[in-house]
Amino acid sequence: MSFTNLIFPFVWLPISLLLYYILPKKGRNAALLICSILFFAWGTPEYLLLMLCSILVNYLAALELSAYQKKGQTGRARLVLTVTVLLNLLLLGFFKYYGFLLRTLNTLLSLNLRARELPLPIGLSFYTFTLLSYLFDVYRGKAPVQKNLLRFSLYVTFFPKLVSGPIASYAQLQPEFGARNVSLRQAVDGLKLFVFGMALKVLLANQLGGLWRDVTTIGFESLSTPLAWMAAFAYSFQLYFDFWGYSLMAMGASYCLGIRCPRNFRAPFLATDIIDFWNRWHITLSTWFRDFVFMRFTRWCMRRRLVHGRVRTAQVAFMVDMLVMGLWHGIAPCYIAYGVYHGLLLAITEWMRKKSRFYRAH
C-alpha cells in the first residue's frame, strides 16, 4: 500500500492510531505488529509466509549466535552469522536478479528457459537490510539479542518504514519499542510532518515527474538546450521530493505512534562536494552501505595489504561501495554505470581532499 493511496491517510492510519491510543500499553506492540503484517499483506499477500519465516529464522539465528558468543565459541558464532547473512542475501538476490540470470543462461547456453514474472515483495530490500543490521549489531555487541519475538517482529515489519525506509539499525530503534508515551504535542508534530511529506510527493514530485514524462515522450534528440536543462533539473528534483516526501511521511507516522525514526535527508543539493552529498542524501541507506560495505572492505584490504596507502584504499573502497549500491538498485547497465560513475567521483574527491590538506600544511 502506498502512503499516497487515499486509503492510507483516511482509513489505515486513523484506525492504527485509534487502536494504539485506546489499548493499554501492554497491547500496543501487538496491535502495531498486526497492523504492520496486514499492511504488508495488502500489497503482496502471497509473500506473507515468506516474510514471517525470514523473521523467525533470523530471530533464532541471533539467539544461537549470542549463545555461542557467551560461551566464547567465536568460530561457531561467526559461522552462524555467515550462513544467516548468505541466506538473507540469496533470498534478496533471487527476487531481484533471477530473471536476468535466466536470460543470461539462455544467451550463453542457447537454452529456452522461460522466466515467470514474479512481483517483488514490498519492502524486501529494506527489511533484509534491517535484518542484516540486527545480526551485525548483535554479533559486534552494539545491542543485546532480542528474546521477545513480538518486539523483534515489530522492529522488522513496522509499517511506516517497511516499504522504503528509513533503515534504522537495531541499536537505534530497540529502545523505541519499549514502554512509551505519546504526548499531544508529539502527535501533532507527527501529523504535520506527514502532511508536509505528502505535499512534497503529490504537489511537487508528481508534477515534476509529469514534466519529465513529457520530455521523454518528445524524444531527447528533439530537445532544445534550455528544455534539456529544465528536464534534467525536473528529474533530479522529482527524485528528491519523492524520496524526501516519503521519508517525512514515514517519520510523521512513526512520531504519532511514539517511535522516532532517524532523519533521511539533510539538504543534499547544498552539499559542497560529492562526499558531502552522500552524507546528506538518503542518509540511512548510505550509512548502511558505509558501515557494512565500505568500512568492512577497507578493513579487509588493510588487513591483507592488498592496496598501498590509506587514501588509495579509501578510493578502491568507494568504487566497490558504489558499485554494490548500483547493483542493489538493479542489474541493468544504467545502474552499473551509475555505481561506477559515483564511485569514480567519490575516489577523485577523496584524493582532492587529501591533496588540499597537504598543500595547506605546506
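Quick notes on the rules
- Residues numbered from 1 in each chain as written.
- Predicted model: local features only at pLDDT ≥ 70, side-chain atom pairs only at ≥ 80, totals over all residues.
- Heavy atoms only, no water.
- Core = buried A, V, L, I, M, F, W, Y, C linked by side-chain atoms within 4.5 Å.
- Buried < 20%, exposed > 50% of the residue type's maximum accessible area, 1.4 Å probe, protein only.
- Contact = heavy atoms within 4.5 Å.
- Helix = DSSP H or I, 4+ residues; strand = E, 2+ residues; numbered from the N terminus.
- Expected span 1.5 Å × (residues − 1).
- Axes fitted to C-alpha atoms, helices over the stretch in contact; angles between N-to-C directions.
- Parallel < 35°, antiparallel > 145°, perpendicular 65-115°, else oblique.
- Nonpolar A, V, L, I, M, F, W, Y, C, P; charged D, E, K, R; others polar.
- Patch = residues over 30% accessible without salt bridge, like charges linked within 9 Å, V, L, I, M, F, W, Y side chains within 5 Å.
- Areas by Shrake-Rupley, 256 points an atom, 1.4 Å probe, with all protein chains shown as cover.
- Salt bridge = Lys/Arg side-chain N within 4 Å of Asp/Glu carboxyl O.

Student: Report on the nonpolar core, specifying residues and quantitative values.
Tutor: In this structure, Phe129 and Tyr134 are the most contacted members of the largest nonpolar core, which totals 86 residues. Those residues within four positions of Phe129 in sequence are excluded, and the remaining contacts are Leu92, Ile167, Leu285, Trp288, Phe289 and Trp328.

Student: Give me the lowdown on helix H1 (residues 7-22), citing residues and values where you can.
Tutor: Here H1 contains 16 residues, and its C-alpha end-to-end distance of 21 Å stays within 8% of the 22 Å for a straight helix at 1.5 Å per residue. Among the residues of H1, Phe8, Pro9, Trp12, Leu13, Ser16, Leu17 and Tyr20 are the ones counted as buried. If you follow the buried residues of H1, they end up packed against helix H2 (25-43), helix H7 (159-162), helix H9 (184-218) and helix H10 (225-256).

Student: Before we move on, can you summarise unusual backbone geometry with the specific residues and values?
Tutor: The phi angle of most residues is negative, glycine excepted, and most peptide bonds adopt the trans form. Here Ala267, not a glycine, exhibits a phi torsion of approximately 45°, which is positive. Positionally, Ala267 belongs in the loop between H10 and helix H11 (274-278). Its relative accessible area of 32% is what places Ala267 among the partly exposed residues.

Student: Which residues make up the environment of Asp242, and what values go with them?
Tutor: By the secondary structure assignment, Asp242 is in helix H10. C-alpha separation for the pair Asp242 and Ala205, spaced 37 residues apart in sequence, amounts to 5.2 Å. Discounting chain neighbours no more than four positions away, the residues touching Asp242 are Lys201 and Ala205.

Student: Give me the lowdown on the packing of helix H4 (residues 74-109) against helix H5 (residues 124-139), citing residues and values where you can.
Tutor: The geometry of H4 relative to H5 is characterised by a closest axis approach of 10 Å and an angle of 170° between their N-to-C directions. When the axis of H4 is compared with that of H5, the two are roughly antiparallel. Contact with H4, carried on its side by Ala77, Arg78, Leu81, Thr84, Val85, Asn88, Leu89, Leu91, Leu92, Phe95 and Lys96, involves Leu124, Ser125, Thr128, Phe129, Leu131, Leu132, Leu135, Phe136 and Tyr139 of H5 and no other residues of that element. Per-class residue counts for the contact of H4 with H5 are 14 nonpolar, four polar and two charged.

Student: Talk me through a nonpolar patch on the surface; I want residue IDs and the actual numbers.
Tutor: A cluster of nonpolar side chains, contributed by Leu6, Ile7, Phe10, Val11, Ile15, Leu18, Leu19, Tyr21, Ile22 and Trp42, occupies part of the molecular surface with about 1,000 Å² of accessible area. At eight residues, the largest contribution of residues to the nonpolar patch is made by H1.

Student: Could you give an account of the environment of Phe277, with specific residues and numbers?
Tutor: Of note, Phe277 is situated in helix H11. Along the sequence, Phe277 and Gln315 sit 38 residues apart, while their C-alpha atoms lie 17 Å from each other. Apart from the residues within four sequence positions on either side, Phe277 is in contact with Pro268, Phe269 and Ala271.

Student: Could you give an account of the side chain of Ser153, with specific residues and numbers?
Tutor: With respect to the helices and strands, the residue Ser153 is situated in helix H6 (residues 149-157). According to the relative accessible area criterion, Ser153 is buried, its value standing at 10%. Contacts of Ser153, omitting those with residues within four sequence positions, involve Leu33 and Ile55.

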